[in-house]
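Residue-level structure breakdown
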Amino acid sequence: MRAVVVTEPGRVAPADVPDPRPEPGEVVVRVSSCGLCGTDMHILGGELPPVTYPVIPGHELTGEVVAVGEGGEGATGPAVGDRVAVDPNMPCGACHYCRIGRGNLCEDYRAIGVTQAGGFAEQVAVPARCCYVIPASFSEASAGLIEPLSCAVHGLNRLPRRPGEHYLIYGAGTMGLMMAALVRTAGAASVSVVDLNEERLAFAESFGLDAAVTSADKLALGKGPGFEVVVDATGAVPAIEDGLGRVRKGGTFLQFGVADPARKAAFSPYLVYNSEIDIIGSMAVHNSFQPAIDVLASGLDLDPLVSDVYGLEDFDTAVARFKAGTGRKIHIAPNQAKEG
Ligand SMILES: [Zn+2]
Ligand SMILES: [Zn+2]
């Protein structure tokens with residue numbers, strides 16, 4: 001079969017590789033879509049320590065089960081022909097954090113598309129327990145967005161979630177807009193977004209945001225009392241520092257974006273003390289995969305978030321488009337050419 005292979009940091013190309021066979025407890029998924037995300041850029045660039053090369057990246061995948069290994073079906077396991085979304089995270093189940101029910105903080109981190117072959121391939125073998133059967137009614141775009149949406153669901157789960165509050169989100173990329181759509185369903189009074197990219201702001205307005213601006217100074221609440229909840233979905237230090245100063249008294253700041261581990265941000269400890277601000281972190285997916293599927297099944301329409309779909313052989317073009325930052329979510333459809 002064909003797959004995108006990162007042979008070493010900086011070297012990536014589609015190549016012929018052996019077809020995967022399911023080990024006991026595994027299934028083989030014929031990949032219909034796999035989303036490209038910042039984590040893939042870190043794998044391509046060699047900045048993600050647990051990766052061992054060569055690796056087939058891709059962790060936001062959906063497709064159809066085409067083979068089931070011994071014991072793979074289990075009590076509720078997927079069967080051949082099922083349409084599934086795959087949770088790429090494989091917490092060890094044995095470390096301190098797994099044993100206290102916080103598997104996303106696992107000390108022996110393994111994940112499909114990171115520490116083992118992922119979804120930028122025609123087929124991939126994955127643990128049956130990572131598969132979630134999804135309805136036939138889901139659009140291909142929605143099915144491919146389940147993994148990033150489940151990150152946003154976890155972020156929402158980390159928030160106090162009181163109805164009637166005003167939200168300010170930094171970053172009008174896919175993650176920021178997913179968070180905006182979710183907090184809306186959780187009863188937000190208003191949702192505004194800050195981004196420096198004008199193209200993204202124009203789309204954000206069409207996506208139902210109350211305001212989409214280049215600076216929070218342009219918002220009455222931004223200049224005034226602040227927002228009950230401020231979410232950073234950029235990982236950019238200037239955005240984080242600005243956002244911490246826009247939290248209303250008694251409010252919450254959520255660090256949802258992935259910042260450079262080497263960077264530090266300045267904030268006022270007096271402000272945190274005097275205004276009783278909660279600062280919360282949210283990392284990846286935690287018991288949020290099925291809820292993400294159920295939110296989509298309830299009618300949340302995220303299809304406009306997918307701006308491009310490329311075949312496997314156009315992976316270079318997709319990466320260039322991602323790095324240019326002009327699109328939204330980019331999906332790779334590994335079997336697209338065959339299906340014509
Ligand atoms: Zn991702
Ligand atoms: Zn663990």
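The structure displayed is predicted, hence computed values, not measured ones.

In this model, the second largest pocket occupies a volume close to 170 Å³. No other element matches helix α8 (residues 237-244), which puts three residues into the lining of the second largest pocket.

Our next topic: the packing of aromatic side chains. Note on aromatic pairs: each is described by the distance of the centres and the angle between the planes. According to the stated counting rule, one finds four aromatic pairs in the structure shown. Measuring from centroid to centroid gives 5.8 Å for Tyr 270 and Tyr 273, while their planes differ by 55°, and the two rings are tilted. Taken together, the residues span about one helical turn, with Tyr 270 and Tyr 273 both in helix α9 (residues 269-274) at a distance of three residues. A single burial state applies to Tyr 270 and to Tyr 273, both of which are exposed. Geometry around Phe 203 places Arg 328 over its ring, the cationic atom sitting 3.7 Å from the centre.

This part takes up the coordination of the zinc ion (ligand 2). Taken together, Cys 92 (SG), Cys 95 (SG), Cys 98 (SG) and Cys 106 (SG) make up the protein donors of the zinc ion (ligand 2), found 2.3 to 2.4 Å from the metal. Along the chain, the residues donating to the zinc ion (ligand 2) are arranged with the sequence spacing C-x2-C-x2-C-x7-C. Of this pair, Cys 95 sits in the loop between β5 (83-86) and α2 (96-99) while Cys 106 sits in the loop between α2 and β6 (123-127); the two residues are 11 residues apart in sequence, bridging distant segments of the chain.

Next up on the list: the sheet that holds strand β10 (residues 211-213). Taken in spatial order, the six strands make up an open sheet running β10-β9-β8-β11-β12-β13, and their pairing is parallel. Strand pairing shows two members of the sheet lacking a second neighbour, β10 and β13 (278-281), which therefore form its edges. Within the sheet, the average angular offset between the axes of one strand and its neighbour, ignoring direction, is 15°. As judged from the five bridges shared by strand β8 (residues 166-170) and strand β9 (residues 190-194), these two strands associate in the parallel manner. Paired with Tyr 167 across the strands is Val 191, a residue of β9.

Right, let's get into the coordination of the zinc ion (ligand 1). In this structure, Cys 37 (SG), His 59 (NE2) and Glu 60 (OE) serve as the protein donors to the zinc ion (ligand 1), at separations of 2.1 to 2.3 Å. Motif for the zinc ion (ligand 1), donor spacing along one chain: C-x21-H-E. With a gap of 22 residues between them, Cys 37 in the loop between β3 (26-36) and α1 (38-45) and His 59 in the loop between α1 and β4 (60-68) connect regions that are remote in the sequence. Like Cys 37, the residue His 59 is buried in the burial classification.

Let us look at unusual backbone geometry. For residues other than glycine, phi is negative in most cases, and the peptide bonds are mostly trans. With an omega of 0°, the peptide bond between Tyr 53 and Pro 54 qualifies as cis. Structurally, the position occupied by Pro 54 is in the loop between α1 and β4. The backbone of Arg 161 sits at a positive phi, close to 55°, despite the residue not being glycine. Relative to the elements of secondary structure, Arg 161 occurs in the loop between α4 (146-158) and β8. A relative accessible area of 38% places Arg 161 in the partly exposed class. Backbone geometry at Asn 287 places phi at a positive 50°, although glycine is not the residue there. Here Asn 287 lies in the loop between β13 and α10 (289-297).

Time to look at the domain arrangement of the protein chain. Its domain assignment divides the protein chain into domain 1 (2-145 + 302-332) and domain 2 (156-281). The partner domain 2 presents 10 residues to the 10 residues of domain 1 that form the contact. For the pair domain 1 and domain 2, the summed buried area comes to about 860 Å², and 66% of that belongs to carbon and sulfur atoms. Counting the surface domain 1 buries against domain 2, the share from its top three residues, Leu 302, Leu 305 and Arg 328, is 47%. Run the count over domain 1 and domain 2 and you get zero salt bridges. Of the residues assigned to the side of domain 1 that touches domain 2, the class counts are four nonpolar, three polar and three charged.

What follows concerns the environment of Glu 199. Checked against the element boundaries, Glu 199 lands in helix α6 (residues 198-206). Distance in space between the C-alpha atoms of Glu 199 and Gln 123 is 35 Å, their sequence separation being 76 residues.

With that settled, the discussion passes to the environment of Asp 232. On the secondary structure map, Asp 232 appears in strand β11 (residues 227-232). Classification of Asp 232 by relative accessible area gives buried; the value is 0%. The spacing of Asp 232 and Ser 150 is 82 residues in sequence and 17 Å in space, taken between C-alpha atoms. With near-sequence residues (within four places) excluded, Asp 232 lies in contact with Tyr 170, Ala 239, Ile 240, Phe 253, Leu 254, Gln 255, Phe 256 and Gly 257.

What counts and what doesn't
Residues numbered from 1 in each chain as written. Chains lettered and ligands numbered in written order. Predicted model: local features only at pLDDT ≥ 70, side-chain atom pairs only at ≥ 80, totals over all residues. Heavy atoms only, no water. 1 Å grid on protein atoms, 1.4 Å probe; cavity = no way out; pocket = protein on both sides within 12 Å on 5 of 7 lines; lining within 4 Å. Points joined across faces, edges and corners; volume = space filled by probe spheres on them. Helix = DSSP H or I, 4+ residues; strand = E, 2+ residues; numbered from the N terminus. Phe/Tyr/Trp six-rings, centres within 6.5 Å; stacked < 30°, edge-to-face > 60°. Buried < 20%, exposed > 50% of the residue type's maximum accessible area, 1.4 Å probe, protein only. Lys NZ or Arg CZ within 6 Å of the ring centre and 35° of its normal. Donors = N, O, S within 2.8 Å, 3.2 Å for Na, K, Ca; no water. Pairing = 2+ DSSP bridges. Axes fitted to C-alpha atoms, helices over the stretch in contact; angles between N-to-C directions. Domains from an automatic or database assignment. Contact = heavy atoms within 4.5 Å. Buried area = accessible area lost by both parts, 1.4 Å probe. Salt bridge = Lys/Arg side-chain N within 4 Å of Asp/Glu carboxyl O. Nonpolar A, V, L, I, M, F, W, Y, C, P; charged D, E, K, R; others polar.

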